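Now for the letters of each chain:
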There are 2 protein chains.
Amino acid sequence: MKNHDKIYNTAVEATLEVIGGKWKPVILFHLTFGKKRNNELKSLIPVITQKMLTQQLRELEEEGVILRISYNQVPPKVEYELTDYGWSLKEILHLMCRWGDSHIERKYGGRATVLSNPQLKDVYDI
Amino acid sequence: MKNHDKIYNTAVEATLEVIGGKWKPVILFHLTFGKKRNNELKSLIPVITQKMLTQQLRELEEEGVILRISYNQVPPKVEYELTDYGWSLKEILHLMCRWGDSHIERKYGGRATVLSNPQLKDVYDI
DNA sequence: CAGCATCCGTGCAGATACTG
DNA sequence: CAGTATCTGCACGGATGCTG
């Protein structure tokens, strides 16, 4: 063993440092369907507050998984998109979505609704 | 639309309800290598407190992804293992582990260590 | 060994108001 | 439109001590 700057017990923990935030997987998941503006994300995630959204976006940006594109214009226009690195999370995120789908079906039968992931039906056969 | 007991914006959220706890993915990950006793989990996750460990285990049990096996003996012996349903999370968990590995490499180069996931090296070629 | 009970602090996250 | 700034509360999680 050498001097370490950082010690993990499991590599899973390293992943959680990046996508472990309360809304991060959800935000990233939506971005796997293309770049989104601030308001679009708010519409897709109605229950999140603006503060939380901005906060989580900033952290994701710092980790290098998303890119913030600010067009200098009035009114302001900002778009968020996955970086190449961020795209490497797609498999995990879509797997989480598909698992969630089957979990909902198992737990609630038909007594639950998922508002905004119709796209996945086109991507996979579910 | 009909009356719903539950509404999700994304199925990802349903997944997060199950594995979204601070330590849940880590605990579940360890269990993908076989049943573990309370103390074994504590050794594998040194920084977790007993309280948190118990709490997270209970919640995982309630969700039906792990099973608590209590042998009625003195001293007590309790084992935790994945249910069949819990096993369906394996792909996500191992994907998270592998992504974490590459993330650590990318972010820290050699200046970080992962203590306890040698098993994965045998399972996959990494 | 496995775990519960209790106390306690902090930090996460909500609500509201304001800005370039 | 896309944010900041500030105040606030409560629940999450840590530390400690006790139990079957």
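In the block above lies the structure referred to throughout.
From a predicted model like this one, the values you see are computed outputs, not experimental measurements. (Residues numbered from 1 in each chain as written. Chains lettered and ligands numbered in written order. Predicted model: local features only at pLDDT ≥ 70, side-chain atom pairs only at ≥ 80, totals over all residues. Heavy atoms only, no water.)

Colleague: So what exactly am I meant to see when it comes to the protein's contact with DNA strand D here?
Modeller: Near DNA strand D there are 16 residues, and of these A:R37, A:R68, A:Y80, B:K51 and B:P76 occur at the shortest range. Restricting the count to atoms of DNA strand D within 4 Å of the protein gives a sugar and phosphate share of 63%. Residue A:R37 places a side-chain N or O atom 2.7 Å away from a phosphate oxygen belonging to DNA strand D. Those elements giving two or more residues to the surface near DNA strand D turn out to be helix 3 (38-44), helix 4 (50-62) and strand 4 (77-82) of chain A together with helix 4 (50-62) of chain B. Here the surface near DNA strand D takes three residues from helix 4 of chain A, the largest share from any one element. When grouped by side-chain class, the residues that make up the surface near DNA strand D number six nonpolar, five polar and five charged. (Near = heavy atom within 4 Å. Polar contact = N/O pair within 3.5 Å; in protein donor to acceptor, adjacent residues only side chain to side chain. Helix = DSSP H or I, 4+ residues; strand = E, 2+ residues; numbered from the N terminus. Nonpolar A, V, L, I, M, F, W, Y, C, P; charged D, E, K, R; others polar.)

Colleague: Explain unusual backbone geometry to me, please; I cannot follow it from the model alone.
Modeller: Note on backbone geometry: most residues besides glycine have negative phi, and most peptide bonds are trans. Backbone torsion omega between A:V74 and A:P75 reads 0°, so that peptide bond is classified as cis. Along the polypeptide, A:P75 turns up in the loop between strand 3 (66-71) and strand 4.

Colleague: Any chance you could explain helix 4 of chain A here in plain terms?
Modeller: In an α-helix, one full turn covers 3.6 residues, which means residues spaced three or four apart are oriented alike. All names here are of chain A. Taking 1.5 Å per residue, 13 residues should reach 18 Å; helix 4 reaches 18 Å between its end C-alpha atoms and fits that length. Looking at helix 4, one finds that the buried residues are L53, Q56, L57 and L60. Looking straight down helix 4, one finds that the buried residues subtend no more than 100° of arc, so they occupy a single side. The exposed set on the far side of helix 4, more than 90 degrees from its buried face, consists of K51 and E62. Those residues of helix 4 hidden inside the fold are in contact with helix 1 (11-19), helix 2 (24-31), helix 3, strand 3 and strand 4. Just downstream of helix 4, G64 is the residue with a positive phi angle, here 85°. (Expected span 1.5 Å × (residues − 1). Buried < 20%, exposed > 50% of the residue type's maximum accessible area, 1.4 Å probe, protein only. Arc of directions from axis to C-beta. Contact = heavy atoms within 4.5 Å.)

Colleague: In this structure, what is going on with the protein's contact with DNA strand C? I would like to understand it.
Modeller: In the vicinity of DNA strand C, 16 residues are found, and the nearest of them are A:K51, A:P76, B:R37, B:R68 and B:Y80. Near the protein, within 4 Å, the atoms of DNA strand C are sugar or phosphate in 64% of cases. Side-chain polar atom of B:N38 to a phosphate oxygen of DNA strand C: 3.3 Å apart, as the coordinates give it. The side chain of B:R58 places a nitrogen or oxygen atom 3.3 Å from a phosphate oxygen of DNA strand C. For the surface near DNA strand C, the secondary-structure elements that each account for two or more residues are helix 4 of chain A together with helix 3 (38-44), helix 4 and strand 4 (77-82) of chain B. Looking at which element gives the most residues to the surface near DNA strand C, the answer is helix 4 of chain B, with three residues. Of the residues that constitute the surface near DNA strand C, the class distribution is six nonpolar, five polar and five charged.

Note that all results are geometric; they support no functional claim without further evidence.
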